[in-house]
Amino acid sequence: MTALPDRYCPADGTRIAADSLAWCCPVCRGPLDLDYAPTPAGLKSLAGRVGSLWRYAECLPLPRPDCTLGEGRTPVVPLSATVSAKLDFLMPTLSFKDRGAVLLAALATRLRPDRVIADSSGNAGTALAAYCARARLPCTVYVPEGTSPKKLEQIGAHGARLEVIAGDREAAATAARAAADEPGVFYASHVYNPYFLHGTKTYVHELWEDLGGRLPEVLVVPVGNGTLLLGAALAVRELHSAGLIDRRPALHAVQAAAVAPLAEAWRAGAEDIGPVLPAVPTFAEGIAIPNPPRARQILRAVRESGGAFHTVTEDQIRHAQLDLASQGLYVESTGVACWAAARELPALQGRTSVVPLCGAGLKTGLATHPG
Ligand SMILES: [Zn+2]
């Protein structure tokens, strides 16, 4: 069995044993990173490999697990002369979260906890419930009260136990973290567990392969907890360090104007977010995160890439969703935020860019009432 890489705290350097169930830094309670700097395979050696994200085996900290559902290898289609979309809603559970969830389920299979827990009111919880079912791992998902019955039904259908917590999304996260500290529990957090980022990074490895060993000038990425953006930054670093790209794309991060703590910190020139404000309803509920634990890392990654933060209004989100639908693409309202930015914001015009369409429209329907 290949050895697992160690984990460490990026804030204070505390190291955690690879096979520990600890989910955060014991010193500062912050999220952990993996001590892992792999070298990607060259373009030619990828030919003929498995048609899922597991084709990038050299860059993944775990071997292809039995619980794979064939995730990854989503198509890229043009939306305009300079902007293309990567259709990440074409995944087993209909969102890009499958890229990370399969890594967490594979890791849990390896660590053999008594049970797996997660907290999410949306795509991450659904993805984890599905992959835990596939891996035959007992899974509990903490959701806030008021979570839509359709989502509860899907999570329950996969056999996960639901813990409905009074209060908002943050209350559900707090309840999950309390349970996560109990012995024998694997906290499959898409925010705290670094394996998730090493799954989402395959989004960029696929782009690089599909564009013939190149990346666009700009990667536009939606940011709430920043799991796709931080994964993209990891992949860019891996490809650049290996000499497989000579120019790094700029990472342009998009938030809904309604809940934009990172964009506001960016405008203020700050290295971290300011005082946490309560979430307000937005069509982009999947990125409405008032207090992202990896805020400092996200701001640094965007700065180092030469990118910037942008916000989109509720009207821009609504129009982008209708515009995509008119082009044959039915995408959930959070997942259209990047197209809303790429088609309208002057800073993003005239450069080649790729936007992810992160979730299927059937998950939320059309944006008519925020929240
Ligand atoms: Zn720490």
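First, a word on scope: everything that follows refers to the structure included in this document. Bear in mind the structure is a predicted one, so any value in this text is a computation, not a measurement.

Glancing now at the coordination of the zinc ion. At 2.1 to 2.8 Å from the zinc ion lie its protein donor atoms, namely Cys9 (SG), Asp12 (OD), Asp12 (OD), Cys25 (SG) and Cys28 (SG). Sequence positions of the donors to the zinc ion reduce to the motif C-x2-D-x12-C-x2-C. Of this pair, Cys9 sits in the loop between strand S1 (7-8) and strand S2 (15-16) while Cys28 is found in the loop between S2 and strand S3 (33-34), placing the two residues 19 residues apart along the sequence. According to the relative accessible area criterion, Cys9 is buried, its value standing at 2%. Using a relative accessible area of 37% as the deciding quantity, one classes Cys28 as partly exposed.

Glancing now at a nonpolar patch on the surface. Taken together, Leu322, Tyr330, Leu362 and Leu366 make up a surface patch of nonpolar side chains, about 390 Å² in accessible area. Here Tyr330 is to be found in the loop between helix H10 (314-326) and helix H11 (337-344). The exposure class of Tyr330 is partly exposed, given its relative accessible area of 36%.

Given 3.6 residues to a turn, an α-helix orients residues that are three or four positions apart in the same direction. Extensive coverage of helix H6 (residues 202-210) is indicated by the burial of eight of its nine residues. Among all positions in H6, only Thr202, Tyr203, Val204, His205, Glu206, Leu207, Trp208 and Glu209 are buried. Count one or two residues on from H6 and you reach Gly212, which has phi positive near 75°.

Rules used in this analysis
Residues numbered from 1 in each chain as written. Predicted model: local features only at pLDDT ≥ 70, side-chain atom pairs only at ≥ 80, totals over all residues. Heavy atoms only, no water. Donors = N, O, S within 2.8 Å, 3.2 Å for Na, K, Ca; no water. Helix = DSSP H or I, 4+ residues; strand = E, 2+ residues; numbered from the N terminus. Buried < 20%, exposed > 50% of the residue type's maximum accessible area, 1.4 Å probe, protein only. Patch = residues over 30% accessible without salt bridge, like charges linked within 9 Å, V, L, I, M, F, W, Y side chains within 5 Å. Areas by Shrake-Rupley, 256 points an atom, 1.4 Å probe, with all protein chains shown as cover. Salt bridge = Lys/Arg side-chain N within 4 Å of Asp/Glu carboxyl O.

The values are spatial; any link to function lies outside them.
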